[in-house]
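# Understanding the architecture of this molecule
Listed below, chain by chain, are the residues.
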Amino acid sequence: MTEILLGIIGGCGHIGLIHAACLASLGYTVVAYDSNTAALKNLAKGIAPFYEPGLQELLHKTTASGVLTFTGRINELHRAGLVYVCVGTPSLADGRADTGPLESAVQELAGVVAGPAVAAIKSTVPVGTARKISRRLAASGLAKKLAVVSNPEFLAEGTGISDFLNPSRVIAGGEDAAAVKRAASIYAPPGVPVITTTWENAELIKYAANAFLAAKLSLINEIAALCEQAGADIRLVGRGTGLDPRIGASYLEAGAGFGGPCLEKDLRALISQFDRAALPAPLLEAVLAVNRRQCYRLVQKLSEKLGSLEGKKIGVLGLAFKPGTDDVRGSPSLPVIRRLLALGALVAAHDPAAGASPVKRDRLQAVLPGLTLASSPYEAAAGKDGLLILTAWPEYKKLDPEKLKHCLAVPLIVDGRNLFDPAQMRALGIDYRGVGR
Ligand code: UDX
């Protein structure tokens, strides 16, 4: 394996930690820096700051063998030849991505690194950011030590490790050809397309990819509403549509709408880049608007059956924004539960990962005051006037519908993830309402 020492900035975050563990597992020596001292302390005790399948084992292996180390001091990246910048770019109030912490981190890195080194920006940043950072480094005489490359990641939560190890493509953009080549060659399995390009192209590939994904979901969710009216089934309509290779079979499951920390944030940031360029973006705005409405259609389905939700008891299955993660950021469950509570409903929710420890339960109750947490799906259903399924956890698919029916006071199930067969549920006497079927 090559002698290059790799650094990570933002080493305790989702992207940074997965990069650190995966690169170390490939044989690189990795120093992961983060300013979050609490997360570093937990990592030293072997506790990952979030749940990601396979990560804990990988961290254990790579830290035990010494190839991966963590630090709270950026100057320990002094000898690094390539540093992945994985600093968050959260939404500002107007939707723009806040690149301030990332820009400061690169500037700070340039001050401590021996060089020549490469700062490979993994974070999703507005087009023009890498060029701006690079200009600043040049102005402060640091550009010779540190070249900037835009090197976006495409990891999804819950599948982060396999997405890292089996990338669909590797993108590296910049003006320093040697730096771009170095960033592109760190990990690109045989047969994987590698695009070396400009900063701007690389930055926009990431936004365009997430915008396409979000658009696909809003489109299928919009068509789902017509399926309901027409007595059609969105699952079959989606399947038949996705068999066209130009459309593609994946990412066509209608449901509660897309959640998570990335898609909406990146869509808003992209729209604000259009605004800044004085260009209209009606399609992107519609994708966002359709998604924001989607989760409330499920509350509407409860009201259609129960009338006023004041004093009604509702069970909710699923708080994480998708299965395989304990992350509730941007989860459709949050606005849905807030709306139910605001309408006067009494809500009990279950999630196998997001509510799995006392710390997580406390955090949930802080963001959703008034919510009761149930320790099992059947407990969430017990005595309720309706059950709402919001996350497609595989264990929910295996629930016994008959047992659920007996738990419920009113046999009403609104399934925001289409986990069950409507005909079978109705044959059991359950008032079952899916999305688009
Ligand atoms: C996404 C992109 O997939 C990833 O490439 C990018 O780097 C970050 O954003 P992530 O947000 O982790 O990843 O999850 P993803 O699997 O894309 O799901 C996003 C949301 O869409 C979830 O709420 C999920 O439930 C929903 N979804 C996804 C659907 O409703 N239907 C689908 O068919 C697929």
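Note that the structure is a prediction, hence the values are computed from the model and not measured.

## Remarks on the packing of helix 1 (residues 14-25) against helix 3 (residues 55-64)
The description of two packed helices rests on the angle between their axes and on the distance between the axes. Here helix 1 crosses helix 3 at 55°, and the two axes come no closer than 9 Å. Here helix 1 lies oblique to helix 3, going by the angle between them. Pair helix 1 / helix 3 crosses with left-handed handedness. From helix 1, L17, I18, A21, C22, A24 and S25 reach across to helix 3, where they touch L55, L58, L59 and T62. Within the contact of helix 1 with helix 3, the residues separate by chemical class into 8 nonpolar, 2 polar and no charged.

## Here's the deal with the packing of helix 5 (residues 129-139) against helix 8 (residues 199-230)
The contact between helix 5 and helix 8 brings their axes to 8 Å, and the two run at 140°. Taken together, the axes of helix 5 and helix 8 lie oblique to each other. Across the interface between the two elements, T129, A130, R131 and S134 from helix 5 touch W199, E200 and E203 from helix 8. Grouping the constituent residues of the contact of helix 5 with helix 8 by class yields 2 nonpolar, 2 polar and 3 charged.

## Overview of the pattern of salt bridges
Oppositely charged side chains can pair when the atoms bearing their charge come close. A complete count under the given rule lists 19 salt bridges for this structure. One salt bridge connects D326 with K360, and the closest N-O pair in it is separated by 3.0 Å. Note that D326 is positioned in the loop between strand 9 (313-317) and helix 12 (333-342) and K360 in helix 13 (residues 358-367), a separation of 34 residues in sequence. D326 sits in the buried class, given a relative accessible area of 16%. For the salt bridge of R329 with D327, the shortest nitrogen-to-oxygen distance reads 2.7 Å. For R329, a relative accessible area of 47% puts it in the partly exposed group. Among the charged side chains, a network of salt bridges with common partners joins E304, K305, D431 and R433.

## Things to note about the nonpolar core
In terms of nonpolar packing, the biggest core is built from 40 residues, with L6, L23, V30, L82 and Y84 touching the most fellow members. Among the elements that make up this core, the one with the highest residue count is helix 1 (8 residues). Contact partners of Y84, with chain neighbours within four places excluded, come to L6, G7, I8, I9, L23, A120, K122, N151 and I186. Of all hydrophobic cores here, the second largest spans 34 residues; its members include I220, C295, L319 and L364.

## Section: empty space enclosed by the protein
Tallied over the entire structure, the rule returns 1 cavity of 30 Å³ or more. Looking at the largest cavity, the residues that line it are I121, S123, T124, V125, S150, P152, E203 and K206. The class makeup of the residues in the lining of the largest cavity is 3 nonpolar, 3 polar and 2 charged.

## Some points on the site of the ligand
The ligand sits among 19 residues. The nearest are E157, Y251, G259, F321 and K322. Within the contact set of the ligand, an oxygen atom lies 2.7 Å away from a backbone nitrogen or oxygen of E157. Y251 is positioned such that a nitrogen or oxygen atom in its side chain is 2.2 Å from an oxygen atom of the ligand. If the ligand stood free it would expose 660 Å²; the protein chains cover 88% of that surface. Tallying contributions element by element places helix 8 first for the shell around the ligand, with 4 residues.

## Considerations on helix 7 (residues 177-185)
Looking at helix 7, one finds that the buried residues are A179, V180, A183 and A184. Mapping the buried residues of helix 7 onto a view down its axis gives an arc of 130°, with all of them on the same face. More than 90 degrees from the buried face of helix 7, the exposed residues found are A177, A178, K181 and S185. Turning to helix 7, the residues buried within the fold contact strand 4 (82-85), strand 5 (117-121), strand 6 (146-150), strand 7 (170-173) and strand 8 (194-197). Between the side-chain oxygen at the start of helix 7 and the backbone nitrogen of A178 there is a gap of 3.1 Å, and the oxygen is on D176.

## Quick look at the packing of aromatic side chains
This model, assessed by the stated rule, comprises 1 aromatic pair. Each ring, one from F164 and one from Y187, has its centre 5.5 Å from the other, and the planes form 5°; the classification is stacked. Taken together, the residues F164 in helix 6 (residues 160-165) and Y187 in the loop between helix 7 and strand 8 connect sequence positions 23 residues apart. Among the residues examined, F164 registers a relative accessible area of 8% and is labelled buried. Exposure remark for Y187: the relative accessible area of 23% places this residue in the partly exposed category. Sitting over the face of the ring of Y378, K403 holds its NZ or CZ atom 4.1 Å from the ring centroid.

How each quantity is defined
- Residues numbered from 1 in each chain as written.
- Predicted model: local features only at pLDDT ≥ 70, side-chain atom pairs only at ≥ 80, totals over all residues.
- Heavy atoms only, no water.
- Axes fitted to C-alpha atoms, helices over the stretch in contact; angles between N-to-C directions.
- Helix = DSSP H or I, 4+ residues; strand = E, 2+ residues; numbered from the N terminus.
- Parallel < 35°, antiparallel > 145°, perpendicular 65-115°, else oblique.
- Left-handed = near helix turned anticlockwise from the far one by under 90°.
- Contact = heavy atoms within 4.5 Å.
- Nonpolar A, V, L, I, M, F, W, Y, C, P; charged D, E, K, R; others polar.
- Salt bridge = Lys/Arg side-chain N within 4 Å of Asp/Glu carboxyl O.
- Buried < 20%, exposed > 50% of the residue type's maximum accessible area, 1.4 Å probe, protein only.
- Core = buried A, V, L, I, M, F, W, Y, C linked by side-chain atoms within 4.5 Å.
- 1 Å grid on protein atoms, 1.4 Å probe; cavity = no way out; pocket = protein on both sides within 12 Å on 5 of 7 lines; lining within 4 Å.
- Points joined across faces, edges and corners; volume = space filled by probe spheres on them.
- Near = heavy atom within 4 Å.
- Polar contact = N/O pair within 3.5 Å; in protein donor to acceptor, adjacent residues only side chain to side chain.
- Areas by Shrake-Rupley, 256 points an atom, 1.4 Å probe, with all protein chains shown as cover.
- Arc of directions from axis to C-beta.
- Phe/Tyr/Trp six-rings, centres within 6.5 Å; stacked < 30°, edge-to-face > 60°.
- Lys NZ or Arg CZ within 6 Å of the ring centre and 35° of its normal.

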